[in-house]
Each structure stands twice: as structure tokens, then as C-alpha cells.
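Chain by chain, the residues run as shown.
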Amino acid sequence: MLSHSATHSLNHSVGQQLAHQDIRRYSRQLLLDCIDHDGQLNLAGAHAVIVGLGGLGSLTARYLAGAGVGNITLIDGDTVDISNLQRQISYNEMHLGELKAKSLYNELRKVNSHLNIQFKCLFADSNNLPTLIASATCVLDCTDNVTVRRQINLASFRASIPLFIAAASGLTWQALNLPQNSATCGCYECLVNNVAVREDCVSKGVLGPVVGMAACHQATQALLFLARGFDADIKWGHYVNAHAGQGTLQSFKLPPSSSCEVCQ
């Protein structure tokens, strides 16, 4: 079942037409059946909340802005450090010491000044998340902390807002699309209670392009959903684990855990 916000975005295309400049700007993706005219209007009316603006979130946000997602909220309380530049390609040496949320906002405004982009220079937690995601069509978890991921999962589950998660560590990347409040698949809490999830690029290291691969996957899944809702041809509730060096990808369906304190 669609959440209220997702239903709103799908109804956005009724009786409306794209402006000529939008047809030119988005001409390549308008040729795709999974987007086309109505899907592009849905993108324009959608609201994506991106939590975490490091290597994952900064690149994912760039793709969402480029594709014409009309409302984007950027959330991160961190500043740009020189160690970030190896993989967080939306930033450069001119951004060192600046707040990531504000820096990324300024960069995205150069991509498309017509979008409604908001930024919050703060760290998401269990107290502020319900308010931060309240009007979202979907949430993109681009954080690198299991505790915060669990809080995002809980908040999005309670609000019935679809959640797109990505992570990268070493030469591997992972992803998970959660419809939330589904009887057929579990949630992130189910995953961490049953699988040893290691998503720490600080201690383990990570290669920059591997983060980019995870971000590209996450952005693709979110865009398809924002364009078509639950009619989009994507897999829900499948935990994807890919090894960039070996070129392998595995996935398994995440079942609901009977002991999960979030979704059961």
C-alpha cells in the first residue's frame, strides 16, 4: 500500500504538462518507459530526504537533482575534511571546513536552480527524525553508522515511508529497498538482528569508486520509485551484496523476523 506522501507524488501528473524547457532538460530519460512524461511530473512533485552527505549521499543527491526531483532535503551536521575528497566527489578543496549540507546545497543549485532544495546542518537522531522525514515521499539512508540506520529505519517504518539504504566498505557495497509496513519482507532491524552487518569504512577503508557504485544503485532505485511508485520494476526487501573487485553480486530476500521489535 502506498504511503500518503507516495500517493501524493503519483497524483501530481494528473492533467499537467511538462514545460518546454523541462522536455529539453530531461529529454534522455523521458525516452524511457520507466520514466516518460507522467513519471517526470511525479519526480517534480516528489520529496526525497537524504540523510548523510558523504560519499553516498552527496553523489545520490547529485543524481536526484539532475533527474528533476522537485523537493530534496539534505541532512548532515558534518564538515568537509581533506580525507573526504578521495571518495566524496561532490566536494573539492574549496569546500574544506565548510558544512557539508550547505556546501552541497550550493552545488546542487548550480545543477538546477528551479528545484526546492532544503538543507539541515545537523545530525539525524531518534528525536528529530520524525519531523525531518514527515513530508517525505521516500528516505535515502546514506549514513555510515548502524545505530543511526536503526533510528532511520524505525522512524520511516512508523511513518510508512519507503526507505532506500546503501553502504560501502572495502571493495564491497550493499543495498536494501524497504517498502516499510509490508507483510512479506522485513526491515533493517530484522537484518542487523540476523546478519553481521559491517559498514565501517573508517576502520576497514574503502575505494572511492566502490562508494560511487553503491550511490548509483541507490539513486537508480529511488528514482524509479519516485517516478512510478510501487508500480516501478524494482525489488523490495532484497539485501544486495556486491564485490566490486570480483564483479559479483548476490542478493537474498529479507524475511520478517518474528522477534523484531520494529516491524512485528
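On a predicted model such as this, the values are computed, not experimentally measured, just so you know.

A. Local environment of the pattern of salt bridges. Scanning all chains against the criterion turns up 5 salt bridges. Note that Glu-189 and Arg-150 form a salt bridge whose closest N and O atoms lie 2.4 Å from each other. Taken together, the residues span a long stretch of sequence, with Glu-189 in helix H9 (residues 188–194) and Arg-150 in helix H8 (residues 146–159) at a distance of 39 residues. Residue classification places Glu-189 among the buried residues on the basis of a relative accessible area of 10%. The exposure class assigned to Arg-150 is partly exposed, which follows from its relative accessible area of 33%.

B. Summary view of the side chain of Asn-84. Residue position: Asn-84 is located in the loop between strand E2 (71–75) and helix H6 (100–111). A distance of 2.7 Å separates a polar atom in the side chain of Asn-84 from the backbone nitrogen of Asp-81. Among residues more than four places away in sequence, those in contact with Asn-84 are Thr-79 and Lys-100.

C. Broad picture of the nonpolar core. If you look at the biggest cluster of nonpolar residues, it comprises 47 residues, and the most contacted ones within it are Ile-50, Leu-64, Val-69, Leu-74 and Leu-140. Dropping the residues within four chain positions of it, Leu-140 is found in contact with Ala-48, Val-49, Ile-50, Val-51, Thr-60, Leu-64, Phe-164, Gln-218 and Ala-222. Counting residues in each nonpolar core, the second largest holds 28 residues, with Ala-124, Leu-129, Ile-133 and Cys-263 among its members.

How each quantity is defined
- One numbering rule holds for all chains: residues counted from 1, following each sequence as written.
- The predicted origin of the model limits local features to residues at a pLDDT of at least 70 and limits the giving and counting of side-chain atom pairs to 80 or more, whereas totals for whole chains, interfaces and linings rest on all residues.
- The side-chain values count all of the structure's non-hydrogen atoms but skip hydrogen atoms and water molecules.
- One speaks of a salt bridge when a side-chain nitrogen belonging to Lys or Arg is within 4 Å of a carboxyl oxygen belonging to Asp or Glu.
- Secondary structure elements follow DSSP: runs of H or I of four or more residues count as helices, runs of E of two or more count as strands, with numbering from the N terminus.
- Between buried and exposed lies partly exposed: a residue is buried under 20% and exposed over 50% of the maximum accessible area for its type, with that area taken using a 1.4 Å probe on protein chains only.
- The term polar contact refers here to a pair of N or O atoms within 3.5 Å; inside protein, the definition further demands a hydrogen-donor-capable atom paired with an acceptor-capable atom, and it admits residues adjacent in sequence only when both atoms are side-chain atoms.
- Note on contacts: a residue pair is in contact if any heavy atoms of the two residues lie within 4.5 Å.
- The term nonpolar core refers to a set of buried residues drawn from Ala, Val, Leu, Ile, Met, Phe, Trp, Tyr and Cys, joined through side-chain atoms within 4.5 Å.

Remember that the coordinates give geometry; whether it matters functionally is a separate question.
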